[in-house]
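Survey of secondary and tertiary structure
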Amino acid sequence: MKGWMSIVFILACLLWLIPTAVHADSVKVQVDNLNVRSGPDLSHSVLGKVQKDETHSIVDQKDDWIKIKWDNKTGWIADWLVNVKQEETVKSKVDYLRVRGKSGMDGEVQDYLMKDEEVTKLDQKGDWVLIDQNTASGWVHKSYLSTYSKEQPKETSESELSKSLGKVKVAAAVLNVRSKATSNSSILTQVKKEDSFEYSEEKQGWYKISLDNNKTGWVAGWLVTKDNSSSATPQSQSKVTLQYNATNLRSGPSTNHKVISSADKGDQFSVISKEGSWYRVSYKDSSAYVAGWTVKESKSSNIKSASVSKGNLQGKTIVLDAGHGGFDPGAIGRNGTYEKTLTLQTAQDLKSTLEQNGASVVMTRTNDSYLSLSARAAISNASSGDVFISVHYNSVPASNSATGINTYFYNDSTRSLASNVQSGLINSTGLRDRGIANGNFHILRNNQKPSVLVELGFISDVNEEKTVNSSSFQSKASQGITNGLINYFK
Ligand SMILES: [Zn+2]
């Protein structure tokens, strides 16, 4: 099968299968640019598009189609391209919990679950539970699972209300309210920009807010601002000017916080507040943190704000694939770095750099979730991507020592893409050049877009593991790949 028929077929097989009785009230979109139609089949006109990872509430369902509420309108989307939110979730109590091909100890081990990993329970046979996480399903023994009920936020009592520590205001267009102070906990609801909430607790950069319905939930601190609307003091006009190229903008006030983006020497940002030696600055529709030792503060107000769009990749769409994820950690570094964590970090950093250069970016995954190789290729094939880049880190057994970066391609027609990306990487990072090579990888072989797989260094080497973990390396790698793409498209 070729063309869209096969894409639809693959997606239908690989992506979430909807249980027959749908009592769930929302769907999570699994692909980018999914058409929303005026009626429940392909003959109806396209009203608009929804994007991967968006959540929409279900208002109706007919055959293989789901009617969703979106942008204050309603429309129909194909149910095989979305993931209906499941009710029952279970969690692994241990690391490397064996996931077997069939129930029973004789079932072949096909995967592992890591401790606290949340998966959906599909079925149970005796002591064995059939679990499903994205595209993989298998059997695990129930004694290693804890039932994880989507934490019903408890009712807020009067005494709790009185413990309000202040107010926060939503700074992002739409913000998820989660059951816990982590970005992989379940989404309870969403709130809109400018909405303001009392908060009763602050933990690891998250705020516990009180919702209208007497419930509470957690929101990411970097997507809200402390609401000072009660005080009449106008916002400070002070700005900071970056002193170095490729300065990281982070989600919180320490180098342990996630890099959201980077900006260059001379770029200026408005200061929202100062926390310790970190500045919280306005960034896009939200805010970010920048280290005080990388900036100069100025009070003058008539300075141009940072120009972020350089535009060299205007009109191009790049599909980024962060290798591994979920129960597949990829390689494990000599000091314990998980490849899956690094690849996601790099992909997110690279996404920002590409967007600053005018490109659109499609991500195969945006969190620590498992995605099969076929699903990754299917996302690429169904996208409007101009190129596909799969990000990996390398490893060799303990007895060997190897370092450096290499880039793989599959078709000879993508050789020039590989060599441009490789040169960009080597020029920018200065790591050892291992060259480009033909690699017979599933993700490249089954990809209809010009595609490459980059191995950004060996985490089996203690020094290189340390290097690639640094934010400066992450920025350099992103810049290197971006430069390579700019040259490739010239
Ligand atoms: Zn890998």
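Each remark here, short or long, concerns the structure printed above.
In this report, the structure presented in the accompanying data block is examined. Note that the structure is predicted; figures quoted are calculated from it, not measured.

**Focus on the overall build of the protein**
- The helix and strand inventory of the protein stands at eight helices and 34 strands.
- With 490 residues in all, the protein has 42% of them scored as buried.
- Long-range contacts, defined here as pairs at least 24 residues apart, represent 66% of the contacts in the protein between residues at least 6 apart.

**A closer look at the packing of helix 5 (residues 415-429) against helix 8 (residues 471-489)**
- The geometry of helix 5 relative to helix 8 is characterised by a closest axis approach of 7 Å and an angle of 140° between their N-to-C directions. As helix 5 runs across helix 8, the sense of the crossing is right-handed. Across from S416, L417, N420, V421, S423, G424, L425, N427, S428 and T429 in helix 5, the residues of helix 8 making contact are F473, K476, A477, Q479, G480, I481, N483, G484, L485, N487 and Y488.
- Here the residues of the contact of helix 5 with helix 8 are counted per class, giving eight nonpolar, twelve polar and one charged.

**Focus on helix 7 (residues 462-469)**
- When helix 7 is considered as a whole, its buried residues turn out to be E464, E465 and V468. Viewed along the axis of helix 7, the buried residues span an arc of 105°, placing them on a single side of the element.
- Looking at the buried residues of helix 7, the elements they touch are helix 3 (339-356), strand 31 (387-394), strand 34 (451-458) and helix 8.

**Some details on the pairing of strand 5 (residues 65-70)**
- In this sheet, strand 5 lies alongside strand 4 (residues 55-62) in antiparallel orientation, the contact comprising five bridges. By the bridge assignment for strand 5, D60 is matched with K67.
- The hairpin formed by strand 4 and strand 5 contains two residues between the paired strands, and D63 there has a positive phi angle of roughly 50°.
- Relative to strand 6 (residues 73-78), strand 5 runs antiparallel, the two sharing six bridges. Along strand 6, the bridge assignment pairs I66 with I77.
- Adjacent in sequence and paired antiparallel, strand 5 and strand 6 are bridged by two residues, among which D71 carries a positive phi angle near 50°.

**Considering the nonpolar core**
- If you look at the biggest cluster of nonpolar residues, it comprises 78 residues, and the most contacted ones within it are I77, I318, L320, I389 and V452.
- With six residues, helix 4 (residues 373-382) is the single largest residue contributor to this core.
- When near neighbours in sequence (up to four residues on either side) are disregarded, I77 contacts L34, V36, V50, W65, I66, I68 and V82.
- Grouped together as the second largest cluster of nonpolar side chains are 34 residues, L175, I209, V240 and V290 included.

**Re helix 3**
- Over its 18 residues, helix 3 runs 26 Å from end to end, which matches the ideal 26 Å to within 8%, given 1.5 Å per residue.
- Helix 3 sits mainly inside the fold: 15 of its 18 residues count as buried.
- In the stretch just after helix 3, G358 is the one whose phi turns positive, near 95°.

**Points about the sheet that holds strand 29 (residues 317-322)**
- The six strands lie next to each other as 30-29-31-34-32-33, forming an open sheet whose pairing is mixed. Each edge of the open sheet is held by one strand with a lone partner, namely strand 30 (360-363) and strand 33 (433-438). For this sheet, the mean angle separating the axes of adjacent strands, direction not counted, is 20°.
- Relative to strand 34, strand 31 runs parallel, the two being bridged by six bridges. If you follow V391 over to strand 34, its bridge partner there is V454.
- Docked against the sheet, helix 3 engages strand 29, strand 30, strand 31 and strand 34, running at close to 140° with respect to strand 31.
- Along the sheet face, helix 5 touches strand 31, strand 32 (405-409), strand 33 and strand 34 and points at about 170° away from the line of strand 32.

The rules behind these values
Residues numbered from 1 in each chain as written. Predicted model: local features only at pLDDT ≥ 70, side-chain atom pairs only at ≥ 80, totals over all residues. Helix = DSSP H or I, 4+ residues; strand = E, 2+ residues; numbered from the N terminus. Buried ≥ 20, exposed ≤ 12 C-beta atoms within 10 Å, placed from the backbone. Contact = placed C-beta atoms within 7 Å. Axes fitted to C-alpha atoms, helices over the stretch in contact; angles between N-to-C directions. Left-handed = near helix turned anticlockwise from the far one by under 90°. Nonpolar A, V, L, I, M, F, W, Y, C, P; charged D, E, K, R; others polar. Arc of directions from axis to C-beta. Pairing = 2+ DSSP bridges. Core = buried A, V, L, I, M, F, W, Y, C linked by C-beta atoms within 7 Å. Expected span 1.5 Å × (residues − 1).

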